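# Structural features, examined
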Amino acid sequence: MIQARHLLLAVVISGMTGCFGSGGGSGKESSGGSSSGVEAPPKVETPPKNETPPKDDTPPDDVPPEIDGYSAKITRTSYGIPHIEAADFASMGYGYGYVQAEDNLCLLAEDTLTVRGLRAKHLGGEGSYTIPSNGAETSNVNADFFWRSVISDEALESLKNESDPEVLAASQGFVDGYNRYLEEIRVGEHPGRHDDCRSTDWLLPITLDDMFRRYFRLAILASSSVFVEGIANAKPPTPGTPVPPELSEGDIAKLTENSASLSFPMSRELDIGSNMYAFSEGATSDGQSLLFGNPHFPWEKTERLYLAHLKVADKAEIMGAALYGLPAVLIGFNEHFAWSHTVSTAYRFTFYELTLNPAEPTQYLYNGEFVDMTSSEITVEILQPDGSVTEETRTLYHSQYGPMLEYEVSGVPVLSWTPAKAYTLRDANAENNRMLNQFFRWNQASSFEKFKELHASVLGVPWVNTIATGPGQPAYYGDLTVVPNVTDMQALQCSSSISPAFALLAPGLPVLDGSRPDCAWGTDNDAPAEGVFGPENLPSLVRNDWVHNCNDSYWLTNPDEPLTGYASIIGDEETARTLRTRLCIKQVEERLSGGDGGAGSVGFDMSNLQDIVLSSSVMSERLARDAVLTTYCSSESSAGAAPGALADLPEQTRTEACNALAKWDGQYNLDSRGGHIWREFWRRINLLPVGPDSKWQESFSADDPVNTPRTFNAANPAAIKAFAEAVQAVEASGVPFDAELREIQYSGIHEGDRIPVFGGESFEGAFTIAATKGVGLADGKEYPVTYGNSYIQTVTWREDGTPKAEGFVTYSQSTDPASPYYRDMTESYAEKNWIRFPYTDADISADPVQKTMTLQAPFTSATP
């Protein structure tokens, strides 16, 4: 018999007259704790030593009274949005862990295997591992070696020891709340739920260390974990191995020729992106501040975002989204401020080139002497197809800078471990022990000014730009993030043998000489830690009209006030912006001038902002469709006079395609027809060089960056060929040229009836993103969306100062097909029915389907 140690005090279902802080009803007993025979984590837990701040013994009105244990009240409103109210951070975490497990148990359980390095043991050695957010792909075996190597005991202890008491308390609470729900599943409660994992041997209880492993994994998403395969397989050369040739001009030309197809870090863009605007009185029609946030994140795996409303006595109240497994709000709002993030262009790491001892390839030259690398022998258990379990052991190496690695791009060895040279990586976010403190302190900030001050003083944001505003406040932008302190001068003076190649392949990413102490990262006087830039050397901007970011660098945060003079490792300046960024800016300029033809006065309000951000406009169509129709589809280009490759198309085929493209409304809404022809065309155009006489006839000009390059070169034979191939691909797919988008683009993650999804791809300059990650009609598929618009929030403030917010979690709150919250928000999103985010007591109590429960349980021995 399993010992019952949790007590569910109250469950009240619908019809409530109370609000966020009220509840009552009948009770039942529920069991918890670890099952016998469940696999232990790789190391023994040590309860954190940090002290929890003194508690206020007087509970706020309508909050469950404090007990010597967890007490959290959870109210679910429409679409499964949880409102969690507690008197302390541990209890808030407890409620948050429970609801996240309730909605996404199997996904979180799989991530636990990942961060413990147990994928191959439970999911098989032949299985694959992907990180959709950064493009990493490898085997389960390589993933296990990687994570066991980089998430060291020292890294975990540093992260835990430097975390605020609130972080530790909420994290341990999350552990116990998650484990409570897991145990309910194990004893047979919640029948029909989580069928993918409820009976597996890998549904394991989690620990506090697992939480911090997950935090570490998220911190290095834009750095070390890009190189999973290269780190997991790096090994010294065997004796007698010849020294391979260095990167040749031909290798570099091969890589730069199709630079648009290269992945991070050869491209400065990660696979994840975002759009965001902050408007102040100079840009809104009513003078009230307004914010739009919209990360473009995967619809699969644990980089999904989860919406919740958290209230901890009088210490914090915040609503918004967080990546799965984090008991805080990472993008959100309250009565004081709202903020959002986009992925920054700054590099979070540098490579170091090591000069090796010719007689011993695990020794490298440093300050005139050869020093030993450190090594760790790691053994991974591997489940075989016949059910047996084998073992594989590798020895992985670290320099004083970080892990050794090898790196190959498109079949070209870029960083190799030879008898003469080797390469290692130093990762600023692997040393960032302030990340959790940053968000927890923001969640507790009592004003917009405090939010800004904390951005600079904590400096723990790992890899995203930030914008913010508040009621009656200006618009703020900052790329105050964790960036290696490598100035352009130091990068030049400490260049390595491969630096000239990287200047072409990845401008701004240093490869430093690892033999010289003076090539260590610098430290600014105002930096909170060694080796990173301080806020004075990082870009920020405050304006009374607007700021934005759509994943290009800080340079044109507002075109009227360009930001310049920062180190190249942070971002590029006076260079061409992406099509999406140009559309981001044009949408604002046209609304403020009235040039967009919108109704009412100029300036933004929540209604017209919502219309614009979901309008599914496409910048490439604005710039190039007229030239395409004139050159390829006009009467002058009729059969016999058709240019280049178009002459090979049957006349009827070209006519049907041209007619559909001419009638296309230029957007990717569900009733838009013919846009898929343009997408297949631009998929091919995107790979062409951008220079004069190639893609564009008029080159980029830093004096007119929003409008250049321009004038599409439709006469380019490569462009003509691209159009012909696009038409052939659509015809071969069997999709009619005039098909509605709703017929061919849909959620690629939901079971059951298709849910159509509007939007386009970033490469074609779409603002509203619905991406298939390389899947085109030529692949014999339609457009199953697995990435793009994810969490969306539009926020302003009422006259009484309370926030008014509407938005979506585009893929819905739950990954469990048996959950009522598996597809409901996605269906509303498909219809552009904006969802109210209830924040005030009145908003919550007015929700027609609210359900409330109060969870209470004794603290565990590990609770801080």
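Everything below is about the structure shown above.
So, a few notes on the structure that sits alongside this text. (Residues numbered from 1 in each chain as written. Predicted model: local features only at pLDDT ≥ 70, side-chain atom pairs only at ≥ 80, totals over all residues. Heavy atoms only, no water.)

## Observations concerning the pattern of salt bridges
Here the idea is simple: oppositely charged side chains can pair when their charged atoms come close. Considering all chains together, one arrives at 40 salt bridges under this definition. Across the pair Lys160 and Glu157 runs a salt bridge, and its minimum N-O distance is 3.5 Å. Pair noted here: Lys160 and Glu157 are both in helix H4 (residues 153-161), with a separation of 3 residues, about one helical turn. Under the relative-accessibility criterion, Glu157 is labelled partly exposed at 28%. With a closest N to O distance of 2.9 Å, Arg394 and Glu392 form a salt bridge. Among the charged side chains, a salt-bridge network with shared partners connects Glu680, Arg683, Arg684, Lys721 and Glu725. (Salt bridge = Lys/Arg side-chain N within 4 Å of Asp/Glu carboxyl O. Helix = DSSP H or I, 4+ residues; strand = E, 2+ residues; numbered from the N terminus. Buried < 20%, exposed > 50% of the residue type's maximum accessible area, 1.4 Å probe, protein only.)

## A short note on the nonpolar core
Membership of the largest hydrophobic core comes to 260 residues, with the highest contact counts inside it found for Tyr96, Phe351, Phe502, Tyr632, Phe681 and Phe712. Tallying contributions element by element places helix H1 (residues 89-116) first for this core, with 15 residues. Other than its neighbours up to four places away in sequence, Tyr96 contacts Ile84, Phe174, Tyr306, Ala308, Leu310, Ala322, Leu326, Pro327 and Ala328. (Core = buried A, V, L, I, M, F, W, Y, C linked by side-chain atoms within 4.5 Å. Contact = heavy atoms within 4.5 Å.)

## Some points on helix H6 (residues 208-219)
Note: α-helices contain 3.6 residues per turn, so residues at a spacing of three or four share the same orientation. Helix length check: H6, at 12 residues, gives a terminal C-alpha distance of 17 Å against a target of 16 Å (1.5 Å per residue), a fit within 8%. Most of H6 is tucked away: 12 of the 12 residues are buried. Those residues of H6 that fall on the buried side of the exposure criterion are Leu208, Asp209, Asp210, Met211, Phe212, Arg213, Arg214, Tyr215, Phe216, Arg217, Leu218 and Ala219. Against the buried residues of H6 lie H1, helix H3 (140-150), H4, helix H5 (165-186), strand E10 (316-323) and helix H9 (435-444). (Expected span 1.5 Å × (residues − 1).)

## So, helix H13 (residues 579-593)
Under the 1.5 Å per step criterion, the end-to-end length of H13 is 21 Å for 15 residues, consistent within 8% with the ideal 21 Å. Burial runs high along H13: 12 of the 15 residues are buried. All buried positions along H13 are accounted for by Leu579, Arg580, Thr581, Arg582, Leu583, Cys584, Ile585, Lys586, Gln587, Val588, Glu590 and Arg591. Once H13 finishes, Gly594 follows within two positions and takes phi at roughly 85 degrees, a positive value.

## A look at the environment of Val483
Position of Val483 among the secondary structure elements: in the loop between strand E23 (475-478) and helix H11 (488-493). Residues Val483 and Ile569, spaced 86 residues apart in sequence, show a C-alpha to C-alpha distance of 7.8 Å. The contacts of Val483, once residues within four sequence positions are left out, are Ala346, Tyr347, Arg348, Gly531, Val532, Phe533, Leu538, Ile569 and Ile570.

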